[in-house]
Each structure stands twice: as C-alpha cells, then as structure tokens.
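Architecture and fold: a report
Here is how the chains run, residue by residue.
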Amino acid sequence: MTIKYAYYPGCSLESLAREYNVSTRLVCQDLDIELVEIPDWNCCGAAPACQVDHMLSSALSARNLALAESFKLNVMAPCPKCFNRLKEADLEMKDNPDHLREINNLLEKPYHKGVQVKSLLQVLYQDVDRELISCRVKIPLEGLRVACYYGCMNARPADINDFQNPEDPTSMEEILAPLGAELVDYPLKTYCCGAAFGLARVDLVLRLANELLEMATLVGADVIAVACPLCQQNLDLRQLQVNARYGTRYNIPILYLTQLMGLAFGHSSKELWLDKHFVKFRKLPGATQAVSSGAR
Amino acid sequence: MRLKGQTRTVDREFVAEVESEIDTAVAACYQCGKCTADCPLSFSFDYTPNQILRLMQLGQKEMVLRSESLWYCATCYTCTIRCPKEIDIAKLMSVLLIKARQEGYVADHKIRLAQETFVNSVARYGRIFEAGLVGTYNLKSGDLFNNADIGPRLLATGKLRFLPHRIKGRREIRKIFDRLRSSRKGKR
Amino acid sequence: MRIGVFVCHCGSNIAGTVDCPRVVEAARGFPHVVYATDYTYLCAESGQDLIKTAIQEYSLDRVVVSSCSPKMHEETFRRAARQAGLNPYLVEMANIREQCSWIHSDKEAATRKAIDLVRKGVFKVSRDQELFPSFFKVNKDVLVIGGGIAGIQAALDAAQGGHRVTLVEKDQTIGGNMARLDKTFPTLDCSSCILTPRMVDVAVNESIELLAYHEVEEVKGYVGNFDVKIRRKATYVDWSKCTGCEECVGKCPARIYDKFNQGLGRTKAISLPFPQAVPKKVTIKKDFCHFFLKGKCRVCEKVCQFEAINFDDQDQIIERKVGAIVVATGYEAFDPIAYLEYGFGKYKDVITSLQYERMVSASGPTMGHIKRPSDGEEPKTIVFISCVGSRDRAKGRSYCSVACCMAMAKQAILTKEHIPDSTSYLFYIDIRAGGKGYEEFVDRAREEYGAQYVRGRVSKIYQKGKKLVVKGTDTLLGMPIEIEADLVVLAVGIAPPQDAPELAQKLNISYDQYGFFVESHPKLRPVETNTTGVFLAGACQAPMDIPASVAQGSAAAAKALGLLAKDELEASPIVASVEIKRCVGCFKCEAVCPFSAIQRQELRDGIMVSNVISTVCKGCGLCGVACPTGAIKVNGFTDEQILAEMEALLL
C-alpha cells in the first residue's frame, strides 16, 4: 500500500541541501511513499523569524499547512527545523482557538487544523516496515562504520519529537540497521552543531563542529549520518574551516541518511549527488564501479 | 532591593509578562544549574542560563535584556528537557530575545543583522535566496570576506542559485508582514 | 429539657471578629436554653470548671460549647461533662473559630453567622440521646511487617515489653538495606558490626517468631483483634535441616542477578544473601534453577549431606491473630534508569550509591576493593552526583531523600581511605546536614579528606575513550565545568517499595502519591495511621536515615505497648447500626464501607441481612447514605438530628 504525504522540502533542500532532496525523493519512491510537493510553498521562517516575531513565524508555517490541507494530506518535512516550525505552529493553533483566529486573520486562506506534521525521520521510522527496507537492500553497507548524529531538532523538544526519547533517540539507528552497516555508539548524537550561527558567528560553529568531529574520530566512525541540512553543512562545508582553525586533519564524510539508504538500495553515487560534498565519500560499499561513477 | 552598582530596582511587571509567556513562575528555579551544565553555547554567554533565571527572580529587567546570552542561545532545548523543575528555558531565552530587540537592546549587531537579512529575504521572495542572503549580509556587516574560504568551492558544486526563486504567493507573504506591522502599531 | 450554652472568646481568636456577648444574648432566646454565658478560654481549667459548675447549679441536661473545631477540644468538654455527671454524648460543639472567626473579617456578618451556628448546635443537642461505649477484649500479640532496622527495633522493644511478636520479612534474611551498607555516618562505625548483634537478638529471642521469606497476604479484623494470613513462600529447602554450610551454593551451576549486591557481581540460584544472614538458610530461586527450567541438575540435592533440599516444596498460608501491627517495610533505592542523560545501564562505570556501598564493603563482591566495573582498574577521579531521584519534579520525585547528602560525604571519606591518591568531586544543590554531628562530618570530609564539593547539578555523562565525561556546573562561579572521571556514583534517592500501595490496601491505611504510608498527624501522631492499631516505623513512611528509623521503631513499639496495656478497649458509640426489620439484604452498605465493617448475618429463617461490626466501624456514615430503605443510622448523627440542624440554619 502506498503512503502519501504532502511534501514540504524547505529552502535548504532547494539549494545547499539539494542532495537531501534528491535522495529523499529516490528513497521514498523505493519505499512506496508518494510525495506530493506542496505547490508554491513558502519559507517556514526557520529560527530568525521566531526570534524576531513569534506570530510571524506561526503565520508563515500556517500558510503552508493551509495549502497542504486542501490536498487532505498530512505534511512531511525532511528538514527538522522546518518540521519544528510547522509542527509547533500546528500544535499551538490546535491548542489555542484565539491564537488560531489571530493567525488566520493574517492569512488569505485560513487554516482549519486539518493536517498532521511529521519529519522525514519520523515517517521512515514509523510508517515503513523494517522488513521492506531490508528487501530493498541490493548492496549491503557491510564494514561501514556509521555514527548517527541527530543534532537538536531531530531529538528535541519532547512534544515535537514525541515519537522517540529526546535523551537517547534511536530511530536513525533502527532505520539504518537493515542496511548492514556497523552502527557505532556516538555519545554526542544529540549535541548542537551551532545551527545558523555560521553566517554571523562562524567561530561558535567551528568550536562545536570540532567537538563533534573529534568524538566521531574517537569512536572510529567512517561516516556521520545526518538528517538535517544545517548539521550537514556545519560538519561538511566547515570541516576544512575547523581543520584550519584547530590544526586538525579530520576527513569524515557527512552523509544524509537517505544517501546511505540510496547507496544500499543500489543507486549510484552520482544519482545521490554524493560528489557534491566537500569531504568526499570514498569508502563505497560493494561494487567498486560506484567510486568511479562519482562525477568530479 | 538593589544590586550593587545597579541603578534600576526590581521590575515585577516585566517578570510577570515573561512568566505568562513561558507558562511557569521563575520562582520555581532552585538554581541547580543543570541548564548551564550541558549548554553547548554557554562558553559564549555573559550570564549562564541559571543566572538569567536568577536575574529574572530578582526582577532585573535591564541586566537581562542587555545580556549577550540571549543572542548566542541556539534554542537547542537541551536545558528545557533536562530542567528538574520543568521550566522551558529555551522558550524563556527566545521570549527575552524578542523583548530585547523590541526595547532596543542589541548585544551582537552581526547576529541581529543576519536574522533580519534572513527575514527580509523571506519577505521579498517568499523563500530564502541563499547567495543573495550571504552577499547582502557581508555587504551590510562590512565583513566582505566572511566565509569567503568556502564560497568558491560551494559555487563549484552548482547547488547555489544565482537568482532568487520568487513564489507566486509573494503578495500573501507581504500581507502577513503588513498586517502584523499594523496590528503591532495598533497595540502601541 | 435544660440546655446550657457556653461561648468561648479564644482570646482574640474568636472575640476579635465575633461579638460574643451578642451571641450569648441571642442564645438565651433559643428553645430550652436556660443558661448562656461567655468566657475567655473555655478549654482552660477554669473554663472547664465554669461548665461543670453550671451543669450542677442549673441542672443542665444538654450542653452546647461554642468554640473551636471538635477535632481540637470535643474530648475536653465531653470529659468535663462526664465529671459533672452528664452523659458526654449530650455535648455538642458549635465551631465558631475555624468555620467563622478565622475566615471572616466583617464583624457584623461573622456575629450573625456565629449565632446561626449556635442555634444549629442547640437544635441538634435537643435531639441527642445518651450513648454508651462498648468494650471488647484485646489480643496482646504484635505483628511487625518488615525486618529492616526499624522493624527489628520495634520487634525487640515489643518483645521486651512482654508481648509475643511475629516478625514477617519478605526476603530470606532480616537486616534490610542497612545490611548493605559498609560504614555509617556520622561515626563511621561498621554497619554490620552494629546491625548483626540486633539480628541475632531477634533470632534468639523466645518471644519473637521470625518468619523470613514470608509475605502478608490478607489482614482482616480491627484493633485488638486482627486476623492475618501470611504466605510462606516456597524455599525448596527444609530450613529445619539446612545449616547454612553453603556446600550447595558452590556447586550450583546457575549464575543469577545478585539482588543483595544490587547487581554488582552474580549469585547462584541457590544461595545465602550474605554470610551473617539471619536466618542463615539457603533458598532456591525457582525461576532460575536449572532443574525447574530444564528438568535436569539436582546438584544441590546430591551435595547436601543434611538432605535439606525439597523440590516439592510449595507456598503455604499460615494464620496469626494479633492486637497491633507495626509496618516497617522500608525503601528501595531509586532506579536511575530514568536518567538517560547519566547513561546508567549504558556505561558500566556509572553506578548507584548502594552499589558503591557493596563495592566498598569487605564482604562485597570485590572484597572491599574499589574497582571500575568495566575493566577492574582502580579509579582515581570519582564523581558523586546528588539528588538522583530526589528534588526532581520532572522525574516525578519532588521530595528530598534526606540521607543522601550524608551518605555521599561518607562515601567520599571512605574513597579517600581506600585510595589515598584519589580525588572525589561531589556535585550538590544544597548540603542537607541537619542532624547531630552531621555538619561537622561534612566539614571533615571537606577539610580532612579533601572532598571537592561543587555547587551545581550534572546534566550529562558520556564515554570518551576510557573516561567518563561529566558535564556539570559550578553555579557559584557561574561556569560550566567538565570532569573526566574514572567512576561516577549516583546518590540515588529513597523510594517506597513498588508493592507499597498493595500492602496499604490490605492494611486499610493511606499512602501518598509516591507510595509512602501516611501518618495520622505529621507532627502530633507521627507513628499512628488512620487505622487504629496499625503503626508505622522507618522509611516506609518517609525518607529517613538510620537514627530516625530506629527512633521510630521504638516509638511504634511504645505506641503498640500503650494500646495493648489494657485488657479491654473502649469502642466509640458513634457508629452505624442496622435496623434488621427494614434491611432488605441488598448489601449496598457492604460495597461502600471503606473499613470493611459490614458483615452479612443470617437470620433464623435463612434471610441475609447486614450487621455492623461496631468495633471496626468509624461512624463515617457512608452506609447510611447508600442504604435505600433507611435501615442504617449512625448514632449521634441520625436523620432526625441532621434535619434539626438544617431546620435551625434554613428556617
């Protein structure tokens, strides 16, 4: 049976995290999840909007929810910050009729509390049978040591991420286990990467990225799996900045979990846009052809 | 009550206003410091999260709103899920940040600029135009070579757009901004 | 009928808000009132004399005392009436303090309300009838539930008072949690050295029947006459033959979780918890025994030269009759699994304070050597974290566990004695050292043993190589601090045993939201419960350390002895009674009675009706409300009396 969601890619997945978009679509297709992109969706406002004006943040999310509502579909967002904004807005409007009215006064098309919001991680964890994932595996990721990194928004706060324990989430490990990879214990899995401070205060991000990369090295991870565009960017894009500042020599590829799934499902590294990462992923599983097919 | 060196006294009204937004009385805090202990950004704070709560308990509005900590909080919610007294500290920090901005206290102009550039991008196009966002930020902040070390390599990936994606519902977005602005004016 | 009304000023408590002379004036106009007066303190001896004199001088046959709550002084005024020759149940109280002067500020309105309340009392008292208490015989034996230090103390004291005591312990040995401790604060004397003599005293005391590995199954009856069913759990060993030689233990192939050592180390399916166990008898844990699981083995049977092994053993119910019960079921260490941020259960070198006690104890699994469970190495940097499962609303434990601060200081001292080149960091929120010699003890830990106290709570622990990274705060400096530790000890809180609510229901006593048993009055009746004849001792009531538990054990025994000193007890006459002619045998009363005071009674013609056991009945009146035919009335609170009160107030 096909599962169907209103798809909210979010701005990152249109630019710096395009490979997350591409791999999400491929993997969802493989797992019989139909994605209907919300037409003409707008930015959720991310952190800055709610740091400037909470109502603004809610209204931006509410417009997207109202659009999805007309399709009678629940919403799925791969970016956990988008998920956080959309779901918090949804919960607040469902909780407080006055708030809903105020928000609808700001919108052209009102929202009627008719959808539920899930993250990609939640959908893969709750809606997809682990057996199905096993069935789709063509090239097991044997011998690949993967550290699962959730960051903040894939774990907290508890009422948004209510499908797992915020202190020790295991959804990513459980989704990736059927791929045959070796999942290492990563003690900093819910630590913060510095989020959006990369623009104005890169020093804050580098310090946290350094801690995260140091721990990944210590636990012997070949690759860090992520499910968040900001986590990916702060650890991948900025890995050379970290190396420059701290005199380190980290060389740890940071892959979206959908890219790892895609690889195991037999998609080429080119299809999965693996070549777009700063830190190249060279330890490809199974067939060596995958390495050479990686475009430069 | 007056803290040494401070001219302002206790502002209970401010405290009550903030408390109604976070749905908890700040008196619940017994200063155990668990919020501070694993705060990933506390190294950059002038007041640790428990000290922010302490200042709130003492009604020190100005000291709180002047604090840099509000600007460096990443809203990661680590403090919130660990607080033994179930205070939503992350929410407290963002409520205080909004108030600080409203009252004209800006401890870090770069962060303020980054946030506002981001929001402006949304207001204009309906979505984020990343290349434009970085460019505008660097121009306005005067920090022209900010992140220049990764810029060229980023461009080489071909992931960045050179032109913004303008959504069709731009007018709807504009209206959200306009209506908010007029409703805020109406309240004052 | 000649009614007297006495209005009390209670200093300014009442007179400050109520115009007492006006109340007296009004009372004089009420039906049958022949005398009314006011006085500053009626409860004082002179006040009581005033009432007694008036009863005799004016031949009063009914009295209304208009003062405080009957909870405070009803007994006082009834006694005064009795001394003046009046049946004490012809005295009514009008509560014009708690229900009037204390809660109002408008003097005029309060005075009018006081007048109404007095009128109500007068109307009721005129319908009062003489009542007489009944008396019943008392069984002099005492049941003590729980053989920890509080239960041991209670049993020994009751036995010394000349009573036969049955001590029921659910584990196979007495000693409780105190037996797990190495040394005790603030004197650092060895726990076993002071505990085991008491355990032996219990074993050899001819007045004490020790029922170890037994549990209370059912409690019926009432004060002075409890009928208790006790389950003897199958031990699969004939204890009359077992000598505790432990020959079988060495040969048993089944290694299992060691509860006594809190999971530190393993024990066998047939075992003795610790060498000084009382009784020193082994038991087989059926769920883990190879013979019971797989049908093969019986090694213990082969090696036992006393032929004590009995695989056919079965649970058995025994019955005892007692007059009083002391509940001393103690506590369990809080399970820190809820603190995922501390990695307990995930990281082997994060242990509980009780596990640490076993580690430090010479009779423990490491023979008193402090070793990291992960690799057996001696730790040099040890972090102690207080308030794990205490003072934590988010984890459902708001209360302070009282003993952990001191236990932590003690463990820091012991650590330094065992490993002189070690450093202990103690994270605390507040150091609670309110006991004799306690603060000085903490001083010693700090000054003589170099304990590093850090004021703040730890938020996260994770493994980094061989070390544990402890992320805490120093709130005094306003700085996060990070410690790379070799071993982390969580000072876990005191939690009631999980089955505490179940036992409370069997005993018909109250328990709070956590499962601690509730005392009658937190200050004035600290060891009594709301079920007469059932007393509390030790940590089953609230977190408590050893000195407090022992004191309470003695207090509970003293209370039981006081009760049992009489051959007969007086039963209050304010109880329900059934008018058999009107009872239709629907037994709705039986269903609603919270005290199991309703008995089914068969009449000669085979018809079943309700009967109230007056000694069990508390006179709460629920049955009267439930009865569809009005067959049940509560003496002193009959329909007629209640209606008279309403008439006085409303008409």
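Residues numbered from 1 in each chain as written. Chains lettered and ligands numbered in written order. Predicted model: local features only at pLDDT ≥ 70, side-chain atom pairs only at ≥ 80, totals over all residues. Heavy atoms only, no water.

As annotated in an unreviewed UniProt entry, chain C carries the name Heterodisulfide reductase subunit A2 and is attributed to Candidatus Hakubella thermalkaliphila. Taken directly from UniProt, the Sequence similarities (unreviewed entry) text for chain C runs: "Belongs to the HdrA family." Under Cofactor (unreviewed entry), UniProt gives the following word-for-word description of chain C: "FAD". (UniProt positions renumbered as here; feature names shortened; annotations may be inferred.)

The name that an unreviewed UniProt entry assigns to chain A is Heterodisulfide reductase subunit B2, with the source organism given as Candidatus Hakubella thermalkaliphila.

1. Observations regarding the sheet that holds strand S8 (residues 254-256) of chain A
All names here are of chain A. What the four strands build is an open sheet, ordered S6-S5-S7-S8; its pairing is parallel. With one partner strand each, in any of the chains shown, strand S6 (182-184) and S8 form the two edges of the open sheet. Shown here is a sheet whose adjacent strand axes are inclined to one another by a mean of 40°, direction ignored. Strand direction decides the pairing type here: strand S7 (residues 223-226) and S8, joined by three bridges, are parallel. Looking at the pairing, Ala-225 lines up with Leu-255 of S8. (Pairing = 2+ DSSP bridges. Helix = DSSP H or I, 4+ residues; strand = E, 2+ residues; numbered from the N terminus. Axes fitted to C-alpha atoms, helices over the stretch in contact; angles between N-to-C directions.)

2. As for the domain arrangement of chain C
Domain parsing of chain C yields domain 1 (3-125), domain 2 (142-233 + 315-331 + 497-564), domain 3 (247-303), domain 4 (333-495) and domain 5 (572-635). One C-alpha centre belongs to domain 1 of chain C, the other to domain 2 of chain C, and the line joining them spans 43 Å. (Domains from an automatic or database assignment.)

3. Description of the sheet that holds strand S3 (residues 75-77) of chain A
Residue and element names in this part refer to chain A. Read from one edge of the open sheet, four strands run S2-S1-S3-S4, paired in parallel fashion. Each edge of the sheet is formed by a strand with only one pairing partner; in this case those strands are strand S2 (33-37) and strand S4 (117-119). Each adjacent strand pair in this sheet contributes to an overall mean axis angle of 40°, direction not counted.

4. A short note on the packing of helix H1 (residues 12-22) of chain B against helix H7 (residues 89-102) of chain B
The geometry of a pair of packed helices is captured by two quantities: the angle between their axes and the separation between those axes. Residues and elements named next belong to chain B. Where H1 contacts H7, the axes come no closer than 10 Å and their chain directions differ by 130°. Between H1 and H7, the angle falls in the class oblique. Where H1 crosses over H7, the two elements pack in a sense that is right-handed. Contacts between H1 and H7 involve Phe-14, Glu-17, Val-18, Glu-21 and Ile-22 from the first element and Lys-91, Leu-92, Val-95, Leu-96 and Lys-99 from the second. The class makeup of the residues in the contact of H1 with H7 is six nonpolar, no polar and four charged. (Parallel < 35°, antiparallel > 145°, perpendicular 65-115°, else oblique. Left-handed = near helix turned anticlockwise from the far one by under 90°. Contact = heavy atoms within 4.5 Å. Nonpolar A, V, L, I, M, F, W, Y, C, P; charged D, E, K, R; others polar.)

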